[in-house]
Each structure stands twice: as C-alpha cells, then as structure tokens.
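Structural description and commentary
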Amino acid sequence: QVQLVESGGGLVQPGGSLRLSCRASGRTFSTYAMAWFRQAPGKEREFVAAITWNGGSPYYGDSVQGRFTISRDNAKTTLFLQMNTLKPGDTALYYCAAKDTDWGSIGAGYSTWGQGTQVTVSS
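Here's what I pulled together on the structure shown here. (Residues numbered from 1 in each chain as written. Predicted model: local features only at pLDDT ≥ 70, side-chain atom pairs only at ≥ 80, totals over all residues. Heavy atoms only, no water.)

**Looking at the pairing of strand β8 (residues 78-83)**
Counting buried positions along β8 gives five out of six residues, so the element sits mostly inside the fold. Pairing geometry for strand β3 (residues 18-26) and β8, over six bridges, is antiparallel. Considered in β8, the bridge of Ser-21 is made with Phe-80. Summarising the sheet, strand β7 (residues 68-72) and β8 pair through five bridges and their orientation is antiparallel. (Buried < 20%, exposed > 50% of the residue type's maximum accessible area, 1.4 Å probe, protein only. Helix = DSSP H or I, 4+ residues; strand = E, 2+ residues; numbered from the N terminus. Pairing = 2+ DSSP bridges.)

See below:
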C-alpha cells in the first residue's frame, strides 16, 4: 500500500512560482504512475500532470503545458510539481495520486490519493 502526503502550497501573486511536493511511503514498488490533479470550488476535478514512476515519462494537461513541470526524485519517493507563470485560474486544491497499473488513460485509474494542498494565486 502507498501513502501520499502533499506539501508546498500557499499564496502567490500572478506570474509567480511555487513548487509542490508529494511524499510517497509504503509499498511504492507497485506504482506505475503518479499524477497531480486539482479541483476548485464548484468545478470538476482536473488532470494537471502525470509521470510514469519507473521511466519518468511526463504528461500534461493543456491548461498547464509550458508552465508546469512534473518530476520525481532519484529514490522514487517524492513527486514534484514546479509551477511557473501562475495565473488566478490555477487557484485550486492540488492532490497527488498513485496508479498501480497501466490500464486506461494516463488520467484515470488512480486508487491512492493524498489529502491535498491549497494553491491560491491572487494579487
């Protein structure tokens, strides 16, 4: 089993940067991919980015392409999301998630979720 804990959220000005972290513990050997999702009040959960855990191949949602970068550490214990050129529309609760199979789309099939970390972009 995998446990996930996010950190790094906060309040930033438009155009600013922030880096989120997700610490993974437990039986991470079975992880196929990890991802970031976000959800703002009254809106549907949105796929942000994902990375295959062994190969490190990244995937991005259209709304963050070119601004956000997903990565993992060499020990494969921590997931990162570097967020640059932040916009008010990026304001949301950000979750990390883990997927243990390659079935379905890269944005589906995540069975383990963290508690989330709040990102607020405002002047």
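**Re the state of the cysteines**
In a disulfide, the sulfur atoms of two cysteines are held together by a covalent bond. Scanning all chains against the criterion turns up one disulfide. Across the disulfide, Cys-22 is cross-linked to Cys-96 (sulfur-sulfur distance 2.0 Å). Here the S-S torsion is close to 50°, and the disulfide linking Cys-22 with Cys-96 is therefore right-handed. Placement of Cys-22 in strand β3 and of Cys-96 in strand β9 (residues 92-99) is noted, with a sequence separation of 74 residues between them. For Cys-96, a relative accessible area of 0% puts it in the buried group. (Disulfide = S-S within 2.5 Å.)

**Points about the side chain of Thr-112**
For Thr-112, the location among the structural elements is in strand β10 (residues 112-113). Residue contacts for Thr-112: discarding those within four places in its chain leaves Val-2, Leu-4, Cys-96, Ala-97 and Ala-98. (Contact = heavy atoms within 4.5 Å.)

**Looking at the nonpolar core**
Counting 28 residues, the largest nonpolar core has Trp-36, Leu-79, Leu-81, Met-83 and Tyr-94 as its most contacted members. Contributions of two or more residues to this core are made by β1 (2-7), β3, β4 (33-39), β5 (46-52), β7, β8, β9 and β11 (117-121). If sequence neighbours within four positions are ignored, Tyr-94 has contacts with Glu-6, Leu-20, Trp-36, Phe-37, Arg-38, Val-48, Phe-68, Leu-81, Met-83, Gly-116, Thr-117 and Val-119. (Core = buried A, V, L, I, M, F, W, Y, C linked by side-chain atoms within 4.5 Å.)

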